[in-house]
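Descriptive structure summary
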Amino acid sequence: MSTISQWQLRAAFAVRLSEMYGQEVPAYTTLVDVSREVNEDVLRAQGADAERLGSIGRVTAERHGAIRVGTPRELHEVARVFAALGMHPVGFYDLREAAASAVPVVSTAFRPIDGEELARNPFRVFTSMLTPADPRFFDADLRSRLEAFLAGRELFPPELLALADRAEADRELPEDEAERFLQLAVAAFELSSEPVDKAWYETLERISAVAADIGGVRSTHINHLTPRVLDIDELYRRMTDRGIEMIDTIQGPPAWKGPDLLLRQTSFRALAEPRAMRLADGSVESGALRVRFGEVEARGIALTREGRALYDELLSHIDEQASRNSTAARGDIARAVWERHMPGSEQELAAEGLAYFTYRLADERPRDGSKPPTSIGELVEHGWVHAEPIVYEDFLPRSAAGIFQSNLSGEGTRDNDQQGTAYDAVWLSGALGREVLDPFALYERQQNRSLAHVAHELDLTGALG
Ligand code: OOG
Ligand code: NI
């Protein structure tokens, strides 16, 4: 019998999850259709340039999902499911700090980490864990009720976890087990039809809509699934023209004439979905909850630590100017700040060490016996080497908080006089039983490998990188 490799499992899982979510949230299908149209138009207009940050095949298949779990144990289990798909935890995001309203979670993203795997299928899942121990949100009584509730549920059946462990260890599964694994994995993220305990859900909702979505029900579900688009401003216009209510802004860097950087995201508002509600007397009524939405993203070049520090600084600059100037639109302020302070070309970003690139020998490099220059800048300038941007594969905490927030029904409550419970990447690694990888280190490794290769080929060993 044939076997299914991890990347094939990952690609199949992304497709099936997408089919399932399209049935549950039909507006998602519209978003995927419009994204595809925009991508085709961009490709037609720009030709090969449109594929500078990923082949059209990759971009068309590309999705990220978001899920939310309640406990370290659940997080550990979900890490096993994703490990089966060749997805590893990358980055630590503390959305408690990034959001003004009550978003009591800490997060990571599971994704493939090496270039070849990303090119095959870059499926990633932003994964958040509730923090019941944080006294800014939960008092001692609610914390213990919440922890007891979460301890009593099972998100992932043992059969799924056993298959996941096998896929992780063998890096593949026999076809029939792969089929079973995929069915169980997709089912684990479907919206449950089990009635929601209305009083309990509302108790949590008063604290935070996110807490209710996670800890108010006995299962988890995919919260959104996000296609990638090559022109997000155009997508926003087309969705609005179709009468779909989008959130106010596109999160992340502004639209500008320079290269696409990091990540820009926007979403349509969470839709009211019918959910059965159980009342205190045991009777069941039909209700509706607004938690799931559709999001779209445009990806740009990965920034170095220095580039990222500049990005964060410019954002606070923009905030400050926008708060002082009530008449100008934030988008215009952002564009002006960007054009003044952010280098406007890939060459400048590379020269200033603000963004990551891979380097490869140019086919048309000088072959007349002349000696190559010994700096990477000159090698590129004189046509020996091409610099290709590395695409940003991760998330942005502020944008993520913005996406969470713009889709919450209420602000919730938080008591900032209390000391927050500390979590960090080391804590998260312990909970997951696997190391949470540093995204910067991954990009840097990719860049350094390409530099070492170029240096070797040109006999410049030790001179570059
Ligand atoms: C996750 C929000 C973060 C993104 O794209 O930044 C996210 C959630 O709503 O659970 O998905
Ligand atoms: Ni998202």
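Treat the numbers as computed from the prediction; the structure is a model and nothing was measured.

Where helix H8 (residues 158–170) meets helix H9 (residues 175–188), the axes come as close as 9 Å, and the angle between the chain directions of the two elements is 125°. When the axis of H8 is compared with that of H9, the two are oblique. Once H8 is placed against H9, the crossing between them reads as left-handed. Where H8 approaches H9, its residues Glu-159, Leu-160, Leu-163, Ala-164 and Arg-166 are matched on the opposing element by Glu-177, Arg-180, Phe-181, Leu-184, Ala-185 and Ala-188. Partitioned by chemical class, the residues of the contact of H8 with H9 number seven nonpolar, no polar and four charged.

Turning our attention to the coordination of the nickel ion (ligand 2). Protein coordination of the nickel ion (ligand 2) is provided by His-64 (NE2), His-224 (NE2) and Glu-295 (OE), with donor distances spanning 2.1 Å. In the primary structure, the donors to the nickel ion (ligand 2) are separated according to the pattern H-x159-H-x70-E. One end of the pair, His-64, is in strand S2 (residues 63–69); the other, Glu-295, is in strand S10 (residues 284–299), with 231 residues separating them in the sequence. Here the two residues His-64 and Glu-295 agree in accessibility, since each one is buried.

Strand order in the open sheet made by the three strands is S7-S9-S10, with mixed pairing throughout. Since the sheet does not close on itself, it has two edges, and those belong to strand S7 (196–197) and S10, each with one partner. Where strand S9 (residues 263–278) meets S10, 14 bridges bridge the pair, whose relative direction is antiparallel. The residue of S10 that forms the bridge with Ser-267 is Glu-295. The strands that helix H17 (residues 397–406) touches are S9 and S10; relative to S9, the one it contacts most, it runs at about 35°.

Evaluation of the coordinates by the stated rule reveals 50 salt bridges. Notably, a salt bridge pairs Glu-168 with Arg-434, separated by 2.9 Å at the nearest N-O pair. In this pair, Glu-168 sits in helix H8 while Arg-434 sits in the loop between helix H18 (425–432) and helix H19 (439–457), placing the two residues 266 residues apart along the sequence. Judged by relative accessible area, Glu-168 falls into the partly exposed class, the value being 31%. Among the ionic pairs, Arg-292 bridges to Glu-273, the shortest N-O distance being 2.9 Å. Taken together, the positions of Arg-292 in strand S10 and Glu-273 in strand S9 put the pair 19 residues apart, joining distant regions of the chain. Taking relative accessible area as the criterion, Arg-292 reaches 0% and is therefore assigned buried. Overall, the relative accessible area of 8% leaves Glu-273 in the buried class.

With that out of the way, let us pick up the site of ligand 1. Around ligand 1, the surrounding shell consists of His-64, Ala-66, Arg-68, Phe-126, Asn-223, His-224, Gln-265, Glu-295, Phe-395, Ala-400 and Phe-404. One nitrogen or oxygen atom from the side chain of His-64 is found 3.0 Å from an oxygen atom belonging to ligand 1. Within the side chain of Glu-295, a nitrogen or oxygen atom sits 2.9 Å from an oxygen atom of ligand 1. Against a free-state accessible area of 320 Å², the protein chains account for coverage of 100% of ligand 1. The residue makeup of the shell around ligand 1, split by class, is five nonpolar, four polar and two charged.

What follows covers the packing of aromatic side chains. Between two aromatic rings, the relevant description is the distance of the centres plus the angle of the planes. Taken as a whole and judged by the stated rule, the model has 17 aromatic pairs. Plain terms: the ring middles of Phe-82 and Phe-110 are 5.0 Å apart, the flat faces sit at 40° to each other, and that makes the pair tilted. Residue Phe-82 is located in helix H4 (residues 72–84), and its partner Phe-110 is located in strand S4 (residues 105–111); the two are separated by 28 residues in the primary sequence. Neither residue differs from the other here; Phe-82 and Phe-110 are each classed as buried. For the pair Phe-82 and Phe-189, a centre-to-centre distance of 6.3 Å together with 5° between the ring planes defines the contact as stacked. Here Phe-189 lies in the loop between H9 and S7 and Phe-82 lies in helix H4, a separation of 107 residues in the sequence. By relative accessible area, Phe-189 is classed as buried at 2%.

Within a regular beta strand, the side chains point alternately toward one face of the sheet and then the other, so they alternate between its two faces. As paired strands, S7 and S9 are joined by two bridges and run parallel to one another. If you follow Asp-197 over to S9, its bridge partner there is Arg-278. Remark: five residues form the turn of the hairpin made by S9 and S10, two consecutive strands paired antiparallel; Gly-282 in that turn has positive phi of roughly 95°.

Right, let's get into the environment of Pro-122. Structurally, the position occupied by Pro-122 is in the loop between helix H6 (115–120) and strand S5 (124–130). Measuring from C-alpha to C-alpha, the distance between Pro-122 and Arg-63 comes to 7.5 Å, with 59 residues separating the pair along the chain. Excluding residues within four positions of it along the chain, Pro-122 makes contact with Arg-58, Glu-62, Arg-63 and Pro-112.

Across the sheet, five strands lie side by side as S3-S4-S5-S2-S8; this open sheet has mixed pairing. If you trace the sheet from one side to the other, it starts and ends with strand S3 (88–94) and strand S8 (224–227), each paired once. Taking each pair of neighbouring strands and ignoring which way they run, the sheet shows an average axis angle of 20°. In this sheet, S5 lies alongside S4 in antiparallel orientation, the contact comprising six bridges. Of the residues in S5, the one forming a bridge with Ser-107 is Ser-128. Where H4 meets the sheet, it contacts S2, S4 and S5, and its direction lies at approximately 170° from that of S5.

What follows is about the packing of helix H7 (residues 140–151) against helix H10 (residues 198–207). In contact at an axis separation of 12 Å, H7 and H10 are set at 125° when each is read in the N-to-C sense. On the basis of the axis angle, H7 is oblique to H10. Taken as a pair, H7 and H10 cross one another with a handedness that is left-handed. Here Leu-142, Arg-145, Leu-146 and Phe-149 of H7 lie close against H10, whose contacting residues are Trp-200, Thr-203, Leu-204 and Ile-207.

Here is what the cut-offs are and how they apply
- Residues numbered from 1 in each chain as written.
- Chains lettered and ligands numbered in written order.
- Predicted model: local features only at pLDDT ≥ 70, side-chain atom pairs only at ≥ 80, totals over all residues.
- Heavy atoms only, no water.
- Axes fitted to C-alpha atoms, helices over the stretch in contact; angles between N-to-C directions.
- Helix = DSSP H or I, 4+ residues; strand = E, 2+ residues; numbered from the N terminus.
- Parallel < 35°, antiparallel > 145°, perpendicular 65-115°, else oblique.
- Left-handed = near helix turned anticlockwise from the far one by under 90°.
- Contact = heavy atoms within 4.5 Å.
- Nonpolar A, V, L, I, M, F, W, Y, C, P; charged D, E, K, R; others polar.
- Donors = N, O, S within 2.8 Å, 3.2 Å for Na, K, Ca; no water.
- Buried < 20%, exposed > 50% of the residue type's maximum accessible area, 1.4 Å probe, protein only.
- Pairing = 2+ DSSP bridges.
- Salt bridge = Lys/Arg side-chain N within 4 Å of Asp/Glu carboxyl O.
- Near = heavy atom within 4 Å.
- Polar contact = N/O pair within 3.5 Å; in protein donor to acceptor, adjacent residues only side chain to side chain.
- Areas by Shrake-Rupley, 256 points an atom, 1.4 Å probe, with all protein chains shown as cover.
- Phe/Tyr/Trp six-rings, centres within 6.5 Å; stacked < 30°, edge-to-face > 60°.

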